[in-house]
Amino acid sequence: MARIVMKFGGTSLADIRCIRNVLCHVKREVDLGHEVAIVVSAMAGTTNQLVSWTQDIADLYNFREYDVVVSSGEQVTAGLLALMLQAEGMNARSWMGWQIPIVTDSVYGCARIKSIDPSKLLKGFQHGQVAVIAGFQGMSFDGNITTLGRGGSDTSAVAIAAVIKASRCDIYTDVDGVYTTDPRIESKARRLSRVAFEEMLEMASLGAKVLQVRSVELAMVHKVRIFVRSSFDMGSASARAEGDFVGTLICDEEEIVEQQFVSGIAFAKDEAQISLRRLADKPGVAAAVFASLAEENINVDMIVQNISEHGATTDMTFTVSSSDLERAVNILERSCHKVICDDLQFESGLAKVSVIGIGMRNHAGVAATAFKALSEKGINIRAITTSEIKISILIDNAYTELAVRILHSVYHLDKE
Ligand code: ASP
Ligand code: MG
C-alpha cells in the first residue's frame, strides 16, 4: 500500500464523460489499496471564461473579488468528481482550500502557499476516505480566498504530496510526458523517461508548458517525485496490474543512471532586447537600472555586460518579454537614460533558444557544437548566456523553428 496524489488537469475533466474516465484511474489505484488524495483543475476553458468575465466588468478590477470568481471552477470539478466516486460506492469527499486549510499569503492572483495542515486528510485516510481537493485555491491568513497563479493546481498537488508524505505525485494531463522539444516543431522529438528536477525547472521556465514552474521548484525542495502521464492512456491489462504506464518521471538526478549531456531544447518566442551603450563603469549602475525595472514588476531575463576596455564605460544588454518592452523603455528613459548611459537601443521580435542538460557539467564542447551548427545555417547569435546546465542563445524570431530542429539533431536527441 502506498499513499499517492493524483492530479487531473482541465482537459482530463472537460465534461462528464471525461470525469468518468478519471473515475477509472482513481478506482484502479483505490483497488490496489492505496491511500489517495486527488487534486483537480477546473474544466478546460472554464478559468479563461471566469477571468474574462471579471475583465468585462472592470479593467482595474479588485483582486480579492477576482480570486473569489476564478477559484470557483475547481469547486465544481471537485464536487462532481466526489459525487461520481460516491455513486460508485466509494468513500470520498471534496475539500476546498479553506477547509483543509491551505494557508497562503494574500497576494491575490498569485498567492504563495505558507502552510498546509494535513491532519484532516490523514484522518480521512484512516477511514478509507478518498480526498478530492480543489486545486489552485487557498485561504489567506485573514480568511480570504486566494488563487496560486495560472496553472497553479500543479503546485497544489505537489504541496499536498509534500505534506502528506506521498510516495508519488501523478500528474494526469493531455500529453504522455515531457519531450526533448516541442513535438509540434520537431516531429522527431522523443518522450524522456526521466528528467531531473533542475532540468525540468529550466524547461518549464523556458516555455515547456507541461507543469507550472513553481510546482517544480516545490518538488525539488521537498523531493516529491512527479510522474507526468496522459489521462487518456488506460494501459494494457498487464500494465495496469504492474502499475506500469507510459510517462515521464521527474526526480532527483541521482535516480538518473545514464545522464545524457543534453536532454532537451526549449524556446521562448517574443523576447525583446534592450542595450544600454557606453554605460558608466562604476558601482551602483546596474543596481539603479534593474531596481527601476523591478519596482514596476518587469521581469528581466538574459543579462550580458562586457568588461570595459579602460575602466571607463561599458555596454549592457538584457532581454524582457516583448509585451513589457514599451514600459521598460519608458522607465529607463525616465529614470536613468542620459545620466548613466549614452544611448539606449531596443528591438523586439527575438527568440531565446536553450540547450538543457545536467550532463553538461561534465562534458566539454557542448556550447561549441551549438554555435557551429547555427553558424552553418547562417543563424546569427545576438547574445549568449549560460548556467551549469544550460546554454541560452538569443536569435531572430524567424529562425526559432530552424534553430530548434538543428540543435535537436546535432545532439542526437531524436535517437534513443
Ligand atoms: N484552473 C486554473 C488555470 O486554468 C489552474 C490550473 O488549471 O492549474 O489556470
Ligand atoms: Mg496545467
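Computed from a prediction, not measured in an experiment: that's the story for all the values here.

### Here we look at the overall build of the protein chain
Here's step 1: Helices and strands together make up the secondary structure of the protein chain, namely 13 helices and 18 strands.
Here's step 2: Taken over the C-alpha trace, the protein chain has a radius of gyration of 24 Å; the compact-globule value for 416 residues is 22 Å, and the two agree within 12%.
Here's step 3: When its C-alpha atoms are laid out on the principal axes, the protein chain stretches across 75 × 50 × 35 Å.
Here's step 4: Looking at the protein chain as a whole, 50% of its 416 residues qualify as buried.
Here's step 5: Sequence separation of at least 24 residues holds for 75% of the intrachain contacts in the protein chain that already meet a minimum separation of 6.
Here's step 6: Positive and negative side-chain charges in the protein chain, numbering 41 and 51 respectively, have mean positions lying 4 Å apart.

### Here's the deal with the environment of Ser 387
Here's step 1: Turning to its location among the elements, Ser 387 is positioned in strand S17 (residues 383–387).
Here's step 2: The exposure class assigned to Ser 387 is partly exposed, which follows from its relative accessible area of 32%.
Here's step 3: Sequence spacing of Ser 387 and Tyr 61 is 326 residues, and the spatial spacing of their C-alpha atoms is 39 Å.

### Let's talk about the pattern of salt bridges
Here's step 1: Overall, the coordinates contain 25 salt bridges when judged by the stated rule.
Here's step 2: Residue Glu 29 is joined to Arg 168 by a salt bridge in which the shortest nitrogen-to-oxygen separation is 3.8 Å. Within this pair, whereas Glu 29 is found in helix H1 (residues 16–31), its partner Arg 168 is found in strand S9 (residues 168–173), the two being separated by 139 residues in sequence.
Here's step 3: Residue class for Arg 168 comes out partly exposed when judged on its relative accessible area of 26%.
Here's step 4: Glu 347 is the partner of Arg 382 in a salt bridge, and the nearest nitrogen-oxygen pair spans 2.9 Å. Here Glu 347 lies in strand S16 (residues 343–356) and Arg 382 lies in the loop between helix H12 (366–376) and S17, a separation of 35 residues in the sequence.
Here's step 5: We classify Arg 382 as partly exposed; its relative accessible area is 31%.

Conventions used here
- Residues numbered from 1 in each chain as written.
- Chains lettered and ligands numbered in written order.
- Predicted model: local features only at pLDDT ≥ 70, side-chain atom pairs only at ≥ 80, totals over all residues.
- Heavy atoms only, no water.
- Helix = DSSP H or I, 4+ residues; strand = E, 2+ residues; numbered from the N terminus.
- Rg over C-alpha atoms; globule rule 2.2 N^0.38 Å.
- Buried < 20%, exposed > 50% of the residue type's maximum accessible area, 1.4 Å probe, protein only.
- Contact = heavy atoms within 4.5 Å.
- Lys, Arg positive; Asp, Glu negative; His and termini not counted.
- Charge placed at Lys NZ, Arg CZ, Asp CG, Glu CD.
- Salt bridge = Lys/Arg side-chain N within 4 Å of Asp/Glu carboxyl O.

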